Amino acid sequence: MVDINDVIWAFEQGEIEKESGNILIAARYYRIANIALSHCELPRRIFVPEETNLKIDKVCDNACEMFHQMSHMLTAEQRMRLRSEESSHRVKVDSRSDIYEWRWQDLIKYDYEMIRRDKMLMENPDFPKYVF
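Structural notes, computed from the coordinates. (Residues numbered from 1 in each chain as written. Predicted model: local features only at pLDDT ≥ 70, side-chain atom pairs only at ≥ 80, totals over all residues. Heavy atoms only, no water.)

1. So, the side chain of E17
Phase 1: Tracing the backbone shows E17 in helix 1 (residues 4-20).
Phase 2: Sequence-distant contacts of E17, defined by excluding residues within four places in its chain, comprise N22, I25, A26, Y29 and K119. (Helix = DSSP H or I, 4+ residues; strand = E, 2+ residues; numbered from the N terminus. Contact = heavy atoms within 4.5 Å.)

2. Some remarks on helix 4 (residues 76-88)
Phase 1: Helix length check: helix 4 (13 residues) gives 18 Å between terminal C-alpha atoms against 18 Å at 1.5 Å per residue, within 8%.
Phase 2: Looking at helix 4, one finds that the buried residues are R81, L82 and E85. When helix 4 is viewed along its axis, its buried side chains cluster within an angular range of 95° and face the same direction. Exposed and oriented more than 90 degrees from the buried face of helix 4 are A76 and R83.
Phase 3: Against helix 2 (23-37), helix 3 (50-73) and helix 5 (104-123) lie the buried residues of helix 4. (Expected span 1.5 Å × (residues − 1). Buried < 20%, exposed > 50% of the residue type's maximum accessible area, 1.4 Å probe, protein only. Arc of directions from axis to C-beta.)

3. Let's talk about the pattern of salt bridges
Phase 1: Using the criterion set out here, one finds 12 salt bridges in the structure.
Phase 2: R28 is paired through a salt bridge with D111; the nearest N and O atoms lie 2.6 Å apart. Highlighted residues: R28 in helix 2 and D111 in helix 5, separated in sequence by 83 residues.
Phase 3: Taking the relative accessible area as the measure of exposure, D111 reaches 0% and is therefore buried.
Phase 4: Here D57 and R45 are joined by a salt bridge, their closest N and O atoms 2.6 Å apart. Here the residue D57 occupies a position in helix 3, and R45 occupies one in the loop between helix 2 and helix 3, the gap between them amounting to 12 residues.
Phase 5: One salt-bridge network, held together by shared partners, links R28, R31, E85, E86 and D111. (Salt bridge = Lys/Arg side-chain N within 4 Å of Asp/Glu carboxyl O.)

Right under this line is the structure:
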């Protein structure tokens, strides 16, 4: 189970990266927030401070849309990379059927690793680039 505070944090990091012009990193943070949101248990609204409720509303209303907005701002290669990453985190359950298991936790972990790598590339251009 994912904690709502982690979802809010990922969304807010997406906002920061978007403002900084780091569209690919922002897209990854928004994707993390979007995926994690559907796998977290929302707290009872009456027990949460109003500020947190507003943040939850913002994430619920905007995470998916912001991911798609950032995706449309990426190059065709970057969009294809994001799509292939999602599909590579699906595993066929039974070879006789078309039923897949989506490994969403692995995709979130992968996105965090790629964000870390992208930030290292920004700080040190000599760091090895993607092999894609």
